[in-house]
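One-letter residues, chain by chain:
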Amino acid sequence: MTPPRYSVHAEPLSIKDSAFKLSESTLKDYDCLVLIYTNAETLQQFSIDAVSQLSKINLSFSSECSLIHSNIAPGNRLVLSPTAGLSGDTDDVRLFGEAAGAATRKAIASGANKILIHIVDPPTLQIANGAYRNFAQVALLGCLDVVNSRRNANTKVGIMFKDQKKGEEIIKVVVAIEEGRILARKIGTGCPEEMAPPKFAEAIMEAFKNEKAIKSELIQDYDIMLKEYPLLAAVGRSASKVHRHNSRIVKLEYKSPDQSKVKENLSFIGKGITLDTGGLDIKAGGGMRGMSRDCLGAGSVAALMLTIAKLQPEHINVSAKLAIVRNNTGSEAYSCDEVITSRAGKRVLVGNTDAEGRMVMTDLLCEAKEEALESMKKHSVPHRLFTVATLTGHACIAFGPYSTSLSNGPASADMISHRLAKAGHVWGDPFEISTLRREDFSMVRPGNPESEDVVQANTLPTVRTARGHQYPAAFMIIASGLENHQGKIGYTHCDIAGAAEDEPIKLSLGRVNARPVPALVGAFVIPEGCQ
Ligand SMILES: [Zn+2]
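These numbers were taken from a predicted model, which means no experiment stands behind them.

So, on to the overall build of the protein chain. Each helix and strand counted, the protein chain has 16 helices and 19 strands in total. Across its three principal axes, the protein chain shows a C-alpha extent of roughly 80 × 50 × 45 Å. In the protein chain, of all internal contacts separated by at least 6 residues, the share reaching a separation of at least 24 is 79%. Of note, the protein chain has its 60 positive side-chain charges centred 3 Å away from the centre of its 59 negative side-chain charges.

The feature "domain: Cytosol aminopeptidase" (unreviewed entry), as given by UniProt, occupies residues 352–359 in the numbering adopted here. Within residues 352–359, the helical portion is 50% and the strand portion 0%, while the C-alpha atoms at the span's ends are 11 Å from each other.

It is worth spelling out the coordination of the zinc ion at this point. Those donors, D276 (OD), D354 (O), D354 (OD) and E356 (OE), are the protein atoms that reach the zinc ion, and they lie 2.0 to 2.1 Å from it. As a motif over one chain, the donors of the zinc ion read D-x77-D-x1-E. Taken as a pair, D276 in strand β11 (residues 264–276) and E356 in helix α10 (residues 356–376) lie far apart in primary sequence, 80 residues in all. Comparing D276 with E356, the two get one shared label, buried.

Sheet architecture is open: six strands sit in the order β1-β8-β7-β4-β6-β5, paired in mixed fashion. At either margin of the open sheet sits one strand with a lone partner, and together these are β1 (5–12) and β5 (66–69). Strand after strand, the sheet turns through a mean of 25 degrees between neighbouring axes, direction not considered. For β1 and strand β8 (residues 154–161), the ladder comprises eight bridges, and the chain directions are parallel. When the sheet's bridge partners are listed, P12 is paired in β8 with F161. Strands in contact with helix α3 (residues 94–109) are β4 (32–37), β5, β6 (77–82) and β7 (114–119); relative to β6, the strand with the most contacts, it is inclined by about 155 degrees. Against the sheet, helix α5 (residues 164–189) contacts β1 and β8, and its axis sits at roughly 165 degrees relative to β1.

Let us now look at the nonpolar core. Membership of the largest hydrophobic core comes to 96 residues, with the highest contact counts inside it found for F96, I117, I204, F268, M305 and F524. Of the residues forming this core, the biggest block, eleven residues, is contributed by helix α9 (residues 296–311). Counting residues domain by domain, this core receives three or more from each of domain 1 (5–162) and domain 2 (186–525). Apart from the residues within four sequence positions on either side, I204 is in contact with I187, V250, L252, A302, L322 and I324.

The rules behind each value
Residues numbered from 1 in each chain as written. Predicted model: local features only at pLDDT ≥ 70, side-chain atom pairs only at ≥ 80, totals over all residues. Heavy atoms only, no water. Helix = DSSP H or I, 4+ residues; strand = E, 2+ residues; numbered from the N terminus. Contact = heavy atoms within 4.5 Å. Lys, Arg positive; Asp, Glu negative; His and termini not counted. Charge placed at Lys NZ, Arg CZ, Asp CG, Glu CD. UniProt positions renumbered as here; feature names shortened; annotations may be inferred. Donors = N, O, S within 2.8 Å, 3.2 Å for Na, K, Ca; no water. Buried < 20%, exposed > 50% of the residue type's maximum accessible area, 1.4 Å probe, protein only. Pairing = 2+ DSSP bridges. Axes fitted to C-alpha atoms, helices over the stretch in contact; angles between N-to-C directions. Core = buried A, V, L, I, M, F, W, Y, C linked by side-chain atoms within 4.5 Å. Domains from an automatic or database assignment.

See below:
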């Protein structure tokens, strides 16, 4: 797929004496004007003939997106896109993303490719306690999501700002997020042969080739995986005999240019299962459909790192470790009842080969823990570890189309899940807070402590298991040696299975939407106070 070509520009707000008068050059630079508004009455101030005529013949113009002919608009295309009210029980800033997305779809369908956006009555900070403060960012992200999800996209987007400098800053962050999302869409959308582990890893290495702020490393030697990441190697054992399906691990590292300003060290582990057949516990009866999307955790983490490369924040050091494996079946496949010793020295009894996500991430999580412990000997800056994965169907049943996170003791004390929920809310990328409980740990405790230290899974699908999305985190904590809060390291597991792709349309797969990249950026990359 050719990478999309797009540009985003901050334009001066050109409204004079209640008249909407765009300069000659702006009229020339664009071919469509989009007005996003909450209160239809605010449109009256412009005395635009076409708008008053539309309001007379279409009573629903304040609740649906319309395209009309108008002399005041570049290309004579004027798109009106309402957000509806902002104060309903379930309203949130996504209304701006959706209004901008609908308008962009309408504009593009009409033949426009140079779209100028104006948000007519921006929400004030008083509404919903500031929950709409990122309305411009979310509107732009909604627009770009439509623009760059197309093949051969080539679109110019402008947005009018009263404060040009602030507008430039907003655009810088939005474009950095969008660059990450383009990568996530690209690697997440490929067919499982086009994006088999070697190619998936290659696409990521290529994306970071010229990013000087990021150190990247590719591990392709299966013997290294066997020695260093035995649980991952077990899942990749069958694919190790099929050259084009061989496993890969990608590591990316970002260090703040000013270490004296670092407030947090963050490590993200991403699940990149490029096809999940279920392994020997094969996904029968059509359950394998869509399992080429089991790589979106790794896609989101790679996207987050690319956004970080573009923004180069000073207050964080961030590392990423991506487990890129195909869960194949076959004569070499790992099986239930095997006992495999993890990197942390825990004997793992395999219960179900379809529970491969927790397997491929655990040893990388253990390595991140080791690095954190090493660094904590020298620095007092806190370490926070994360796993990001399309891990369970249970998360989709429990929360529908939203990401969820659950934290160990130290991360709970630091309110990390609350931070994600808060950032998700203001960035239009909601996160639900889930909780680890004692039952999650007892679920995976061994029945035979002589032969194993922890059990990987039960034999039922997570959707038929009580606490099906929570207990895998307990497994990862025990098997990675993170139990008992070694060194008070915070760990948060993010299950994005419900969020990372849209609902499938008809018989097709769902569109990869690169969530939860905006929420992760909002929670950890944008310094607090600059949200
Ligand atoms: Zn699976």
